[in-house]
Amino acid sequence: VTFGHFQKDDCGRPSVAFTMNPTSIDLNFPHRFSGVLWLPSAHNDSRLFLDRTVVSGNNVKMGWDMDGLLHVALYDMDGSLLESGRPGGTAISVANPELAAKDCEARPGYIS
């Protein structure tokens, strides 16, 4: 899958390739990715957003105590999602840093 044209400010609105479903407050199933290609137009700060979200137009507000936010995990099977060049990486929510291994690093909107 190829992704492009995501940027932090897209005509005054944020735009990201992957984020959480704000109505899935109790559960998010793990997602596995391979063969991801990022175009240069997909800016690094707009690829993944696994952090507190503000939703307007409905009654859902993600809280830090919601299991769906705490346990979201994106598994990078071949290193292409996180562009690490090595298989086995995982992106997790900023809300649950306890899931991170000691060699993980904070990135814009997620921990890897």
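The structure under discussion appears in the preceding block.
## As for the nonpolar core
Residues Phe18, Trp38, Leu48, Leu74 and Leu81 are the most contacted members of the largest nonpolar core, which totals 20 residues. Those residues in contact with tryptophan 38, other than ones at most four positions away along the chain, are Phe3, Ala17, Phe18, Arg47, Ser80, Leu81 and Glu83.

## Some points on the environment of alanine 100
Secondary-structure assignment places alanine 100 in the loop between strand S7 (89–92) and strand S8 (106–107). Given the relative accessible area of 25%, alanine 100 is considered partly exposed. Look past the residues within four positions of alanine 100 in its chain and what remains in contact with it is Ile92 and Ile111.

## Looking at the side chain of serine 15
With respect to the helices and strands, the residue serine 15 is situated in the loop between strand S1 (2–3) and strand S2 (18–19). Overall, serine 15 belongs to the buried group, its relative accessible area being 13%. Once residues lying within four places of it in the same chain are set aside, the contact partners of serine 15 are His5, Phe6, Gln7, Lys8, Asp10 and Ser46.

## Points about the packing of aromatic side chains
Enumeration according to the criterion identifies four aromatic pairs in this entry. Ring centres 4.8 Å apart and planes at 70° place the aromatic pair phenylalanine 18 and phenylalanine 33 in the edge-to-face group. Highlighted residues: phenylalanine 18 in strand S2 and phenylalanine 33 in strand S3 (residues 31–33), separated in sequence by 15 residues. According to the relative accessible area criterion, phenylalanine 18 is buried, its value standing at 14%. A residue is classified by how much of its surface remains accessible, and phenylalanine 33, at 13% relative accessible area, is buried. Judged by centre distance (6.2 Å) and plane angle (85°), the rings of phenylalanine 18 and tryptophan 38 are edge-to-face. Pair noted here: phenylalanine 18 is in strand S2 and tryptophan 38 is in strand S4 (residues 37–38), with a separation of 20 residues, a long-range link.

## Considering unusual backbone geometry
Comment: phi is negative for the bulk of residues other than glycine, and the bulk of peptide bonds are trans. Notably, histidine 5 is not glycine yet its phi reads approximately 65°, a positive angle. Counting through the fold element by element, histidine 5 comes out in the loop between S1 and S2. With a relative accessible area of 61%, histidine 5 lands in the exposed category. Positive phi, close to 60°, is recorded for cysteine 11, a residue that is not glycine. Residue class for cysteine 11 comes out exposed when judged on its relative accessible area of 79%.

## Quick notes on the pattern of salt bridges
Applying the stated criterion to the full structure yields one salt bridge. The closest approach of N and O atoms between arginine 47 and glutamate 83, which form a salt bridge, is 2.6 Å. Pair noted here: arginine 47 is in the loop between S4 and strand S5 (48–49) and glutamate 83 is in the loop between strand S6 (73–76) and S7, with a separation of 36 residues, a long-range link. Look at arginine 47 and you get buried, because its relative accessible area is 11%.

Criteria and thresholds
Residues numbered from 1 in each chain as written. Predicted model: local features only at pLDDT ≥ 70, side-chain atom pairs only at ≥ 80, totals over all residues. Heavy atoms only, no water. Core = buried A, V, L, I, M, F, W, Y, C linked by side-chain atoms within 4.5 Å. Buried < 20%, exposed > 50% of the residue type's maximum accessible area, 1.4 Å probe, protein only. Contact = heavy atoms within 4.5 Å. Helix = DSSP H or I, 4+ residues; strand = E, 2+ residues; numbered from the N terminus. Phe/Tyr/Trp six-rings, centres within 6.5 Å; stacked < 30°, edge-to-face > 60°. Salt bridge = Lys/Arg side-chain N within 4 Å of Asp/Glu carboxyl O.

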